[in-house]
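Letter by letter, the chains look like this.
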Amino acid sequence: MQRKRQPAEPYRIKAVEAIKLQSRHEREELIAKGNYNVFKIDAEDIYIDLLTDSGTAAMSNRQWAALMLGDESYAGARSFRKFEKTIKGIFGKKFVIPCHQGRVAENLVFSNALKPGQYVPNNTHFDTTRGNCLHKGGIPIDMPCEESKSDEPLPFKGNMDTVRLESFIKDKGPEQIAMVIMTVTNNSAGGQPVSMANIREVSEICHRHGLLFYFDCARFAENSYFIKRDEAGYAGKSIAEIAQEMFSMCDGAMMSAKKDGLANMGGFITLDDEKLYEKLTQHLILIEGFPTYGGLAGRDLEVLSVGLREVLDFDYLDFRIEQVEYFGEKIKAAGMPIIEPTGGHAVFVDAGQLLPHISPGQFPGHALAVEFYVEGGVRAVEIGSLMFGGTDPDTGKEFFAPRELVRMCLPRRVYTNSHIDYIAEVAEKIVTRKESIRGYEILKQTKFLRHFTCDLAVCKSEGVKA
Ligand code: F0G
């Protein structure tokens, strides 16, 4: 089927930031100097940076203007009142707690609403959510739906497996479960959306068993767009109405506003439960700041109030999601297998399939990410065995990620389709010489989150598939 033409940007450009493509020789030297770790390359030496869509959005003229309106009062700032009103308008909860980014919201919630030993089911935990849950003695459980494992381009592959959730609650007993979380869109599962029907079902299950139901909603507007586009009965509703319906079914939400807040920094918790609100704000004062700024400047709160309204604009979202889809089609046409359909914020390339001669223990996703930099100055991140693999401390055996992927995130309102066409040309060049790409070995690594800081070297011998 011929897809509809990708809409043109629903904005024009008012300020630009120069980017520079270093020579191939310089790129080869820079990656070698960084011990083949893309996190160790300075951003100045990157031409197109697809490492994350978090905190990397371009702000609008309205947001830049709002900066000057920031009320930097310690207590009761006008900027907080605006922020609070905006969030209440979308999420419909009684209380709003600002914090400086999403992982602080997670830390606060798990510190105050979880007892050690309790389970936390999620469609799929994002790394920091999982990390914070474990850190507070909780047991994070991922319950992605069966369709998420399929190669078919099905809608709503981000859903939670409700049959499994129900039997898990019956098996463990509700008192063993701190809360159930729904991540929208499901970042760790390819940025796939969750349907309203699935949200409704999970909410109904939770409330029937007296369980708290929370959202991790960094990309809630993108999720709402998918519901409008692909779920029966929602085509005539506005993005704001869909978001309001989603959040009417939960007890609270945590948000990293660095994504759909269209801002460079920010986060919040919103909820109805007054007792929990009191506990959270007491804790907030200790670690972030007074409840009317929570680690943010007044000007950040202003920028977020504008961003959270702008992100609900249909034309913006239509361009955004279609651009990601356009990017996916281009990468696929270049000969790289991708996860389909494309999700809300990134294209995930299946490096394991592209480079079958490199074993998971020699990190095909990492090898591909290095090639993107060397070939074209493009930075992407491995989401595979370098990130999620390791050595079992009890058995000493190596374990690997289920898939060897490379995530290519599109920052919001930053790159044009010419940039995407350029990246596709880089991909095509890599594909023509894919058999010659070698795997990597780790020279030095840390115990936790090794991919950020490890040193690597090109393997001398070819690996055997594990
Ligand atoms: N939840 C989700 C679903 C996320 O994607 C992230 C961050 C967080 C929570 C944590 O928020 O960074 O503001 O503390 N994701 C970024 C990414 C880092 O690149 O996907 P944070």
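Scroll up to find the structure this text is about.
Procedures and definitions
- Residues numbered from 1 in each chain as written.
- Predicted model: local features only at pLDDT ≥ 70, side-chain atom pairs only at ≥ 80, totals over all residues.
- Heavy atoms only, no water.
- 1 Å grid on protein atoms, 1.4 Å probe; cavity = no way out; pocket = protein on both sides within 12 Å on 5 of 7 lines; lining within 4 Å.
- Points joined across faces, edges and corners; volume = space filled by probe spheres on them.
- Helix = DSSP H or I, 4+ residues; strand = E, 2+ residues; numbered from the N terminus.
- Nonpolar A, V, L, I, M, F, W, Y, C, P; charged D, E, K, R; others polar.
- Domains from an automatic or database assignment.
- Expected span 1.5 Å × (residues − 1).
- Buried < 20%, exposed > 50% of the residue type's maximum accessible area, 1.4 Å probe, protein only.
- Arc of directions from axis to C-beta.
- Contact = heavy atoms within 4.5 Å.
- Phe/Tyr/Trp six-rings, centres within 6.5 Å; stacked < 30°, edge-to-face > 60°.

Participant: Hey, could you run me through the layout of surface pockets in this one?
Facilitator: If a probe the size of a water molecule is rolled over the atoms, the empty space left behind becomes visible. A volume near 1500 Å³ is recorded for the second largest pocket. As for the second largest pocket, its lining consists of 39 residues, of which A15, A58, M59, R413 and V414 are closest to the centre. Where the lining of the second largest pocket is concerned, the elements lending two or more residues are β1 (48-49) and α2 (61-67). Of all the elements, α2 adds the most residues to the lining of the second largest pocket, at three residues. Taken together, the residues that form the lining of the second largest pocket break down as 20 nonpolar, eight polar and 11 charged. For the lining of the second largest pocket, the domains that each give at least three residues are domain 1 (24-53 + 314-458) and domain 2 (61-310).

Participant: Which parts of the structure should I look at to understand unusual backbone geometry?
Facilitator: With an omega of -20 degrees, the peptide bond running from V184 to T185 counts as cis. With respect to the helices, strands and loops of the structure, T185 is situated in the loop between β5 (180-183) and α7 (196-208). With omega at -5 degrees, the peptide bond leading from E340 into P341 counts as cis. With respect to the helices, strands and loops of the structure, P341 is situated in the loop between α12 (314-333) and β9 (346-350).

Participant: Help me understand helix α3 (residues 78-91) in this model?
Facilitator: For the α-helix, the turn length of 3.6 residues means that residues three or four positions removed from each other point alike. Relative to the 20 Å expected for 14 residues at 1.5 Å per residue, α3 spans 20 Å between its end C-alpha atoms, a close match to the ideal helical length. Listing the buried residues of α3 in full gives S79, F80, F83, E84, T86, I87, I90 and F91. Taken down its axis, α3 places every buried residue within 165 degrees of arc, on the same side. For α3, the elements touching its buried residues are β2 (95-99), α8 (220-230), α9 (239-247), β7 (252-256), β8 (267-271) and α11 (298-310). Of the residues one or two after α3, G92 is the one with positive phi, at around 70 degrees.

Participant: What is the right way to look at the packing of aromatic side chains in this model?
Facilitator: The description of an aromatic ring pair rests on the distance of the ring centres and on the angle between the ring planes. Within the structure shown, the criterion is met by 18 aromatic pairs. A ring pair is formed by F83 and F268, whose centres lie 6.0 Å apart and whose planes are at 85 degrees; its orientation type is edge-to-face. One end of the pair, F83, is in helix α3; the other, F268, is in strand β8, and 185 residues separate them in sequence. An aromatic cluster of three or more residues is present, and its members are F80, F83, F91, F213, F215, F220, F247 and F268.

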